[in-house]
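# Structural overview
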Amino acid sequence: MVQTVIDSQDFTGLRARRQALDAYWQQGISGYTLLHKHSDFIDHHLACSFEKSVPAGDGFALVAIGGYGRQELYPFSDIDLLLLYDPAQKDELDSLAEAILYPLWDTGLEVGHAVRTVDECIVDADEDFFFRVAMLDARLIAGSSSLFGKLTEMYKTAYIEGKRRGFLDDMLAQRTNRKTQYARHTYLLEPQIKESGGGFRDIQSMVWTAQVVFGLKDLVSLQKAGLLSQEELNRFEQAQDYLIRIRNRLHYVSGRKNDQLFFDHQEEMAEAFGFINEKEMLAVEHFMREVYTHMQTVSVTTDLFFEHVEEVLGSDETPKAVKVLEPGIEVRYGKIRLANTELIKSEPKLFMRLFYQSATTGNPLHFRTRKAITANLHLVDDKLRHSRRSSKLFLAILVTPHPFRVLEEMLDTGFLTSYIPEFAEVESLAQHDVYHIFTVDRHLVQTINELEKLREEESNIYAAVSVPHILFLAGLLHDVGKGLGHGHAERGADLVRRIAERMGFEKKDIGILEFLVGNHLFLSDTALRRDLEDEEFLMRCATKIHSPEWLALLYLLTIADARATGPTVWNDWKGALLLELYLKIALLLDSKDLSGHEQARSAELGAQWIREKVAGLLPAVNKINFDLFSDDYLLSFPPEVIVQHITHAKNLGKQDVLFLHEQSRESWSILVMSKDRPGLLTRIFGILALHNLNVLAAKIFTWADGTAVDAIEVSSAISETYDGQDWAVMENELHLAIKQRLGLEHRLSRKLAPLRSNPQGAQKRLAARATIDNQASEHYSVIEVFSEDRIGVLYDITKALSDFGINIYRAWIGSKADQVVDVFYVLDYDGKKIEDPVFKNELQQGLLYAVSNAKRKMEGNRNKN
Amino acid sequence: MKKIEAIIKPFKLDDVKEALNDIGIKGMTVSEVKGYGRQKGHKEIYRGAEYIVDFIPKVKLEIIVEASQVDEVIEKIRNAANTGKIGDGKIFVLPVEEVIRVRTGEKGREAI
């Protein structure tokens, strides 16, 4: 290799040093060598000035501590010095410190210095954890070796011998701190090479602990002592070297002591590392993938190491009994382990069994077992990947209460990628934008975490899911098509089909899985980009999504995906849009018979859920006969409201009419309960019209015991306030009307005329329409009436129905723009569907007349006025 | 100089941006906002469960233009964001005292 000779004087000048470091980098000197060269330069410089100004003898020693002690000096690292002195020489101290430190400061180097006696060092080390740790790497640069020897001896006695447990506890506490502090989103996107999980601190704390606990001075000794396998050592050293090179270059690129790979630096770093942009992947994505891979290696290796040390130094409780879970697998001290790590070589089915036991018992895998899994991954072959037994276990793991932890272990051990090789493409795959804070593999596992939470948080919607294993598998695999350019959803759908076929799924399940993965962006794209009031578009969505269960699956996957992507992707703003879209499609899927079977099934599940809720809310003494309530009644109200209905019904005598009203957010809610009788609804609507109330929506039900439950949303047609409305008079008149002692017809005709003074009425009027459908419902004829939205129209419609002797069992009243669509579930006088075509026609004409005749009457009145 | 603030339906953002692009307006601030208005929040009951959305998601655009351009910009936004339904949004026009580009210190129309 060609060597450039660089004057050591240049090296200490800030600008020159930067050029020198870059020159080395260009020559390919980038890893440890560069650190050592740098350290040697500084050593040389310091030793020279020390010798010039210090008299020979045992009075002083110049000691490098911390990273400089380890000879790991990055371009802008602090130079941590300890000037050790014999108390007898105190007088000369000031001039000496000046002579050594001032020139260093003048060059602009960051110098951390301490001037202490040996005793002071020992006292300070007790108080300052970082100083104590920095002392581990103490190295004599110049001066008295006997003074330095005294320090190391005393340090050893005070802090190492017999203090191994305490040291480990400190290390673990620091590690936990770091993990919490640097697990934040910004550090995922822009990793801190020093402090983040898998960074230099992890490496150092492993080396220090090995030194203190086992007396092992470096990585190679760790391997020789059996704490690392040769394979682990190789990977670890590679990772370490890579991280050193990154940090070297990062200091250079940032021009200061900066250890965080900021977004702005990532591209330049990628270029420095020789990556180039390709069609499918950017240079920076290649580079970051390397970074994440190596940090992952460090993180996993150090995790395993610390678990090992903890076990060695473990508390000496009396050994707990080993519990054998199944042949070859046991649990001990709350860890699942192989009875013998060699077993896995002859019994590859144990791979999945181990994770399965871990998932079902909630115990993590022992570190030796994890190591055994990683060391034997070559045994995960096609046979295992095609094994029905393994795939059944895998799916069973996905539907345990906490699959996230287990999948993380699967990913960390490498098993997940061996079992599903398609995963390799997305391992440590970074996406260079500010939205995706996780690498794709982590994001996928994180999605499982979110699904786990959604199972509780969205339990209503989750209740419609009959195939949770498909949902979770879709979560785990939805981005498996990434890393190869555009169209990852379609490519993913293709891949999951192959995966599912290999795992031996049923055709139906494969279909759902393919659908979910292929469309996992559909809802979030649509919610943002399409008009959610475009009925025709919503109808197309409904047709595409096919069933309420598929919609529920896709909705849950969409939320989990967004939440697992990053904080900028998910917020309640987007949640509100998505919920609106979900509900609109859901209602369409429910009303249109797109897939009768599945729809009925999931409605059944929903109703069952309500029944349980209602039963749970009522005191145990209240026996409820759930046969009274139809599913659609149960599905139309929240459980708490149903409970109120049940309580009211108990107090309702034969002749009584219950009339309740309350003010809700945008309208007033009225509840009327009574024994059903012919014409009840007509009278209620008549009274509402009489009191100037517009019906916005109504839910009309009759329980099997004949109790009518009519929940009506109204607003005032004359802008009366809630308190200004005369509710008492209204209640009284309702009683009279129901007892047939109030002349509704004549009162209304007088009343309504002045209200209908809308001059635009005639132009805006839409043609009235009435349809009678005997297919839509099994037991009832369904009558739909479209008419202009005007006060009293419901009275006219229900009165007409009543005149025909038709009983209304339930009704949906809804306004859409200027039109009212009223849906009535009815039977004729004999309790039969309206099948006779002649009667059907008569009824239709009658309804149309009722709607338009009333209009004429009023117009007549208006003309008279 | 005027500041035009437009509150529009989220799905109309692309249309509005494109329309403004056509008349040479490339820079604007876009934020996700929540609002109430005549199109109120709503409560839905689906399968027995209540879903309450107590705000309506909207997008807010902020654009600084010269006074002479105001009418044209408003016209473009209105055309692009109009669906004819409640909740299409609102446009506000506010006076702006000064505009300064942080990097160069340019002021006034140069800084827009």
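It should be emphasised that the depicted structure is a prediction, and the values quoted were computed from it without experimental measurement.

Here we take up the interface of chain A and chain B. Contact residues are listed per partner, giving 24 residues for chain A and 18 residues for chain B. At the level of secondary structure, the elements contributing two or more residues to the side of chain A that touches chain B comprise α28 (522-529), α31 (572-591) and α32 (596-617) of chain A. The biggest single contributor to the side of chain A that touches chain B is α31(A), with eight residues.

This part takes up the nonpolar core. Residues and elements named next belong to chain A. Counting residues in each nonpolar core, the largest one holds 163 residues, and the members touching the most others are V63, L84, L551 and L556. The element best represented in this core is helix α30 (residues 548-565), accounting for 12 residues. Not counting residues within four places of it along the chain, the set of residues in contact with L556 comprises L451, L454, E458, I461, Y462 and L471. Formed by 61 residues, the second largest nonpolar core is a distinct cluster that contains V614, F629, I642 and L681.

This paragraph deals with the packing of helix α9 (residues 164-181) of chain A against helix α11 (residues 200-214) of chain A. Residue and element names in this part refer to chain A. α11 packs onto α9 with a crossing angle of 170 degrees between their chain directions and a minimal axis gap of 10 Å. Classified by the angle between their axes, α9 and α11 sit roughly antiparallel to one another. Listed contacts from α11 to R164, F167, L168, M171, Q174, R175 and R178 of α9 are R201, S205, W208, T209, V212 and V213. A per-class count over the contact of α9 with α11 returns six nonpolar, three polar and four charged.

Residues and elements named next belong to chain A. Where strand β6 (residues 329-332) lies against strand β7 (residues 335-338), four bridges are found, and the strand directions are antiparallel. Residue E330 lies in a different strand from β7, and its bridge partner there is R337. Linking two consecutive strands that pair antiparallel, namely β6 and β7, is a turn of two residues; a positive phi of about 50 degrees is found at Y333 within it.

Residue and element names in this part refer to chain A. Residues C541, A542 and I545 constitute the buried set of helix α29 (residues 535-545). Relative to the axis of α29, the buried residues are bounded by an arc of 100 degrees and lie together on one face. Relative to its buried face, α29 has exposed residues pointing more than 90 degrees away, namely E536 and R540. At the exit of α29 stands H546, carrying a positive phi of roughly 85 degrees.

Right, let's talk about helix α20 (residues 388-398) of chain A for a bit. Residues and elements named next belong to chain A. Listed in full, the buried residues belonging to α20 are S390, S391, L393, F394, I397 and L398. In a view along the axis of α20, the buried residues occupy a sector of 160 degrees, so they form one face of it. Turned more than 90 degrees away from the buried face of α20, the exposed residues are R388 and R389. Residues of α20 that are buried sit in contact with α17 (350-361), α19 (382-386), α21 (403-413), α25 (468-477) and α26 (488-503).

On to the pairing of strand β10 (residues 693-702) of chain A. All names here are of chain A. Burial analysis of β10 places seven of its 10 residues in the buried class, which makes it a mostly covered element. Judged from the nine bridges that link them, β10 and strand β11 (residues 707-716) form a sheet pairing that is antiparallel. Within β11, the position partnered with F701 by the bridge is V709. In this antiparallel pair of consecutive strands, β10 and β11, the connection spans four residues, and G706 shows a positive phi of 90 degrees.

What follows concerns the environment of A:V300. Residues and elements named next belong to chain A. Tracing the chain through its elements places V300 in helix α15 (residues 283-312). V300 sits in the buried class, given 23 other C-beta atoms within 10 Å. Taking the C-alpha atoms as reference points, V300 and G197, separated by 103 residues in sequence, lie 9.4 Å from one another.

Time to look at the sheet that holds strand β6 (residues 89-95) of chain B. Residue and element names in this part refer to chain B. Reading across from one edge, β2-β5-β1-β6 is the order of the four strands in this open sheet, with antiparallel pairing throughout. Both edges of this open sheet fall to β2 (29-35) and β6, since each of them pairs with a single strand only. Averaged over all adjacent pairs, the angle separating strand axes in this sheet is 25 degrees, with direction ignored. Sheet analysis places β2 next to strand β5 (residues 56-65), joined by seven bridges and oriented antiparallel. Counted as the bridge partner of G35 is I56 from β5.

Rules used in this analysis
- Residues numbered from 1 in each chain as written.
- Chains lettered and ligands numbered in written order.
- Predicted model: local features only at pLDDT ≥ 70, side-chain atom pairs only at ≥ 80, totals over all residues.
- Contact = placed C-beta atoms within 7 Å.
- Helix = DSSP H or I, 4+ residues; strand = E, 2+ residues; numbered from the N terminus.
- Core = buried A, V, L, I, M, F, W, Y, C linked by C-beta atoms within 7 Å.
- Buried ≥ 20, exposed ≤ 12 C-beta atoms within 10 Å, placed from the backbone.
- Axes fitted to C-alpha atoms, helices over the stretch in contact; angles between N-to-C directions.
- Parallel < 35°, antiparallel > 145°, perpendicular 65-115°, else oblique.
- Nonpolar A, V, L, I, M, F, W, Y, C, P; charged D, E, K, R; others polar.
- Pairing = 2+ DSSP bridges.
- Arc of directions from axis to C-beta.

Taken by themselves, the reported measurements are silent on function.
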